Amino acid sequence: MMILQYCIYLESIKTIRNNILKKSSSIFRIVLLFGIIFITTIYYSSYRGNEIVDKYYPLVDAAMEIKLETAYAYIEFKSVKNSIDDKNIDTVLESINRAKWYSNAMVYGGKNSEGTFLGLNKQHIKSKIDLILLDLDDFVSSMEQYLKIDDLEERSKLTKKCNFLFSNIMLKTDNIETILQSTISRDLKEYKRLKIGLTIIAILFLIMQLYAIYRSEKSRLNFISIIENKKEELSAKVEEKTKELQNLNNNLNLAFEETEDSKIFFRTTLDGLKSMIIVMRNYEIIDVNRAFLNFFDVETLEYFKGNISNSLGNLFEQNTTHDYLHMNRDGMTWVEYVLHYKSEEHKTLIKNHVFQVNIEKSIKNRDTIYVITLNDITELEQAKISLEDSIEYASHIQHSLVPNNELFRKYCDDFFVIWHPRDVVGGDIYLLEELRNDDEMMLMVVDCTGHGVPGAFVTMLVKAIERQIVGRINNSDEVVNPAKLLSVFNKSMKHLLKQENKDSISNSGFDGGLLYYNKKENKLIYAGAKTPLYVVQNGELKVYKSDRHSLGYKRSNSSYEFTNYIIDITGNTQIYITTDGFIDQIGDGNGFSFGKTNFTNLINEYSMEILSDQQEIFLDALLEHQGETPANDDITVVSLKFKRYN
Amino acid sequence: MATFLIIDDSKLARFKQEKSIEAAGHEVIAMAENGQEGVDKYKEYNPDFVTLDIEMPILNGIEATKLIKQYDKNAKIIIVSSVVNKTVIKEAFNAGALFNMKKPFKSEVLQRQIVRYISEN
């Protein structure tokens with residue numbers, strides 16, 4: 001009894017000591033954590049500072065070098081052009097090559113006697129530099145062509161082209177320089193904020209350390225007094241412990257009986273499951289549940305192994321057109337493949353039944369144990385295929401509503417359309433209609449309630465109303481008035497969906513823009529419902545914000561009067577209409593939407609490019625922002641370019 | 001090393017694809033900016049592979065695929081397009097395209113897909 005008492009006493013002292021150590025270790029952990037935060041902040045601060053100095057400033061220099069070298073090449077070319085004998089453009093080519101070297105250094109990084117250049121990571125600036133590289137190549141080929149020919153008219157054309165390319169390269173490089181400068185100024189502001197944050201963290205760190213030391217000393221004194229008190233408490237506990245030991249034997253016997261019960265309960269549960277459960281040890285089937293035996297119509301696992309198959313993978317159908325699991329895939333066994341791509345859904349086909357496959361792996365006594373679950377999803381798959389076929393057909397119908405490219409080309413100098421429904425069908429649509437004669441057309445960009453199938457239904461309704469309106473216009477001499485047409489849409493939607501009263505169950509409608517173009521009058525008229533029109537004329541962007549009033553919803557006012565915006569086509573005029581999908585797309589990791597500012601910046605920076613290139617740039621910018629995040633809405637952007645007809 | 005013909009109306013898209021194909025260790029022997037020019041260049045250069053946009057002026061990607069396949073039934077055509085509509089993609093496959101690469105994509109993704117596509121074909 002004395003030994004037991006001593007042991008318990010020792011154990012208690014150990015516990016108290018461990019408690020002290022635990023408390024000290026948690027204090028140590030807090031100090032360590034703050035230390036790490038402090039060091040990380042210092043490191044990040046110095047990294048940001050160095051990044052501004054090492055990355056952006058050399059890139060600004062590189063942009064200036066591109067301008068310098070291009071300007072030098074241009075001047076050299078002019079002097080070669082004017083000289084009678086010496087037609088050697090080696091110096092021009094050297095300058096262009098140096099400009100190209102700096103352009104590539106801005107994209108991929110590089111090192112020369114001027115310094116080290118770290119490559120940019122912004123895709124849309126990279127695209128801009130790619131365009132400069134293309135212009136530089138064009139510049140060289142135009143110069144070489146100029147020197148090869150004698151025809152004065154051709155030479156004049158090539159001189160104009162060289163001048164255009166030169167100013168284009170200068171403008172683009174200037175633009176990149178401005179972007180870099182604003183990045184530096186933004187980063188410097190951020191750096192200042194970081195420094196203030198660092199000071200606050202340092203003060204917090206100091207306070208925490210002092211507090212930790214105070215807590216540690218207080219704990220130490222507390223525990224010394226606890227040890228003294230504990231001595232007395234322990235004697236009383238010895239008796240209690242002895243009784244507990246006596247009861248232990250009885251409890252062990254009970255526990256054994258419970259384990260046996262658990263085994264029976266576990267077996268019954270497994271056999272009661274509809275899914276097939278297979279347990280494999282190193283690929284050898286060692287146990288299965290009743291559902292498995294029933295599926296193969298056998299009584300025992302031994303019979304199955306002897307007469308049907310001793311391997312599960314052998315049962316998988318090999319010749320299927322679907323993406324089902326086979327014995328081996330991508331150089332792995334099917335088990336390795338499933339475990340490697342665990343987050344994906346795996347399916348296999350056995351005896352014309354589709355099964356969803358899940359595997360759990362564990363190691364026991366140096367053996368690998370696999371527990372495989374096969375869920376029969378045949379009916380679900382058939383329903384899914386039938387549903388997909390229906391939706392695909394619906395997509396076919398919806399696609400037949402959108403205009404073909406030839407119609408765009410008939411009225412516009414250039415165009416691009418980005419139409420990406422979030423699902424197979426969507427609530428976004430764009431419509432283009434020829435009106436009374438070859439001079440008039442009407443474009444609509446529409447974002448209906450919701451997306452997927454419900455959204456697509458509303459687009460069909462919009463199309464039906466639009467056809468009715470077009471029919472009316474074609475049978476009248478009235479001047480087309482987009483604002484009035486939006487009011488017609490508003491009333492018709494409310495009427496057709498019975499949304500004129502507040503008790504109506506449905507509440508569908510749309511936001512969108514309606515653009516009327518009259519080629520003969522060189523005029524555009526636009527009216528929009530929560531859908532702005534972006535217009536670029538003579539390099540200047542103007543945004544017509546449109547009315548903040550949606551169409552057709554219960555809350556939409558039937559007598560609301562929309563506003564017309566009239567734009568005279570004085571020269572090259574580019575318009576952009578987008579639904580909110582592009583602007584509201586959530587970014588990868590940061591949770592922020594793409595934003596109106598970024599969208600406006602894209603137009604400002606790239607409106608001078610041809611529209612097929614602009615489409616690439618818009619898509620790249622969206623990809624860069626979106627990353628792996630799925631689309632949160634349907635996305636539609638339509639851009640048209642008009643020229644003035646006399 | 002395989003040879004490629006790039007058909008795309010965007011200069012920037014052609015440039016980006018050219019860089020990706022070359023980075024994957026293959027050669028771009030010709031480029032075209034519309035479907036008709038693409039068909040002509042195919043006949044002239046007989047490339048191993050064609051990358052082709054769907055929406056292009058003069059002759060679209062689906063029509064160009066049909067004409068290329070008429071000329072050479074073994075032509076290997078990869079669609080590289082921002083069109084997501086399944087009906088259009090199906091039409092392209094029915095015309096003879098073997099693979100669809102949706103724009104936009106990262107350059108490394110195109111490189112990886114090209115390597116995979118070539119090894120499978």
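Located above this text is the structure these notes cover.
Residues numbered from 1 in each chain as written. Chains lettered and ligands numbered in written order. Predicted model: local features only at pLDDT ≥ 70, side-chain atom pairs only at ≥ 80, totals over all residues. Heavy atoms only, no water.

1. Looking at the overall build of chain B
Put simply, the rule is: Note on conventions: DSSP H or I runs of at least 4 residues are helices, E runs of at least 2 residues are strands, and numbering of each starts at the N terminus. What makes two residues a contact is simply this: any of their non-hydrogen atoms within 4.5 Å. With residues, only the protein chains shown are counted as cover, and all accessible areas are computed by Shrake-Rupley using a 1.4 Å probe.
A count of helices and strands for chain B gives five helices and five strands. Reading the helices (α) and strands (β) of chain B from amino to carboxyl end gives β-α-β-α-β-α-β-α-β-α. Look at the contacts in chain B between residues 6 or more apart in sequence, and 63% of them connect residues 24 or more apart. Counting only carbon and sulfur atoms, one obtains 47% of the accessible surface of chain B, whose full area is about 5300 Å².

2. Regarding the sheet that holds strand β9 (residues 367-376) of chain A
Residue and element names in this part refer to chain A. For the record, the criterion: Two strands make a pair as long as DSSP finds a minimum of two bridges between them. The angle between two axes is taken between their N-to-C directions and runs from 0 to 180 degrees, where each axis is a line fitted to C-alpha atoms and a helix contributes only its stretch in contact.
Spatial strand order, β4-β3-β9-β8-β7: five strands in an open sheet with antiparallel pairing. With one partner strand each, in any of the chains shown, β4 (284-288) and β7 (346-350) form the two edges of the open sheet. Between one strand axis and the next, the sheet turns through 35 degrees on average, direction left out of account.

3. Quick word on the sheet that holds strand β11 (residues 428-434) of chain A
Two strands in a sheet stick together by hydrogen bonds in their backbones, pointing the same way (parallel) or opposite ways (antiparallel). Residue and element names in this part refer to chain A. The five strands are arranged β11-β12-β13-β14-β17 in an open sheet whose pairing can be described as antiparallel. The sheet terminates laterally at β11 and β17 (565-568), the two strands that pair on one side only. On average, each strand axis in the sheet is inclined to that of its neighbour by 15 degrees, with strand direction left out of account. By the bridge criterion, seven bridges tie strand β13 (residues 510-518) to strand β14 (residues 523-529) in an arrangement that is antiparallel. Within β14, the residue paired with G513 across the bridge is G528.

4. What to know about the pattern of salt bridges
All names here are of chain A. Operational definition: Here, a salt bridge means any Lys or Arg side-chain nitrogen found within 4 Å of an Asp or Glu carboxyl oxygen. Buried means the residue's accessible area, taken with a 1.4 Å probe over protein chains only, is under 20% of the maximum for its type, while exposed means over 50%, and partly exposed covers the values in between.
Tallied over the full model, the rule gives 34 salt bridges over all chains. In this structure, D174 engages K67 in a salt bridge whose closest nitrogen and oxygen atoms are separated by 2.6 Å. A residue pair is termed long-range when its members are at least 10 positions apart, and D174 in helix α4 (residues 152-272) and K67 in helix α1 (residues 2-82) qualify at 107 residues. Overall, D174 belongs to the partly exposed group, its relative accessible area being 36%. On the basis of relative accessibility, which here comes to 18%, the residue K67 falls in the buried class.

5. Examining the packing of helix α3 (residues 123-148) of chain A against helix α1 (residues 11-23) of chain B
The angle between the axes and the distance between the axes are what describe a pair of packed helices. Let me state the cut-off plainly: Each angle receives one of four descriptions, namely roughly parallel if under 35 degrees, roughly antiparallel if over 145, roughly perpendicular if within 65 to 115, and oblique otherwise.
Their axes nearest at 10 Å, the elements α3 of chain A and α1 of chain B cross at an angle of 95 degrees. With respect to α1 of chain B, the element α3 of chain A is oriented roughly perpendicular. Taking contact as the criterion, the partners of S127, D130, L131, L133, L134, D135 and D138 of chain A in α3 of chain A are, on α1 of chain B, K11, L12, F15, K16 and K19 of chain B.

6. Quick word on a positive patch on the surface
Residue and element names in this part refer to chain A. Here is the rule: Distance thresholds for patches are 9 Å for like charges and 5 Å for nonpolar side chains (Val, Leu, Ile, Met, Phe, Trp, Tyr), applied to residues having over 30% relative accessible area and no salt bridge. Just so you know, the count uses Lys and Arg for positive and Asp and Glu for negative, and it drops His and the chain ends. In plain terms, the charge of a residue is placed at NZ if it is Lys, CZ if Arg, CG if Asp and CD if Glu.
Taken together, the side chains of K530, K545, R548, R555 and K596 present a region of like positive charge at the surface. Mapped onto the fold, K545 is located in the loop between β16 (540-544) and β17. Taking the relative accessible area as the measure of exposure, K545 reaches 69% and is therefore exposed.

7. Regarding the nonpolar core
If you look at soluble globular proteins, the nonpolar side chains tend to sit buried side by side. Residues and elements named next belong to chain A. Defined as follows: Side-chain atoms within 4.5 Å link the members of a nonpolar core, which is a set of buried Ala, Val, Leu, Ile, Met, Phe, Trp, Tyr and Cys residues.
Of all hydrophobic cores here, the largest spans 56 residues; its most connected members are L443, L515, L640 and F642. With seven residues, strand β12 (residues 440-448) is the single largest residue contributor to this core. Aside from chain neighbours lying at most four places away, what touches L443 is F408, L431, L432, G513, L514, L515, I577, V638 and L640. Membership of the second largest hydrophobic core comes to 41 residues, among which are L59, F77, M106 and I184.

8. Considering the interface of chain B and chain A
Our working rule: Computed with a 1.4 Å rolling probe, the buried area is the accessible surface lost when two parts are put together, summed over both parts. Here a polar contact is recorded for every N or O atom pair within 3.5 Å, except that within protein the pair must consist of a potential hydrogen donor and a potential acceptor, and residues adjacent in sequence are included only if both atoms are side-chain atoms.
Across the contact, 23 residues belong to chain B and 27 residues belong to chain A. Overall, the association of chain B and chain A removes approximately 2300 Å² of surface from exposure, summing both partners, and the carbon and sulfur fraction of that is 54%. Three residues, K11, L12 and P104 of chain B, lead the burial of chain B against chain A; their summed loss comes to 26% of the area buried on that side. At the junction of chain B with chain A, the criterion picks out six salt bridges. Between K90 of chain B and E392 of chain A there is a salt bridge, with its nearest N and O atoms 2.6 Å apart. Between chain B and chain A we count 13 residue pairs in polar contact (both at pLDDT 80 or more) in total. Mapped by element, the contributors of at least two residues to the side of chain B that touches chain A are α1 and α4 (86-95) of chain B.

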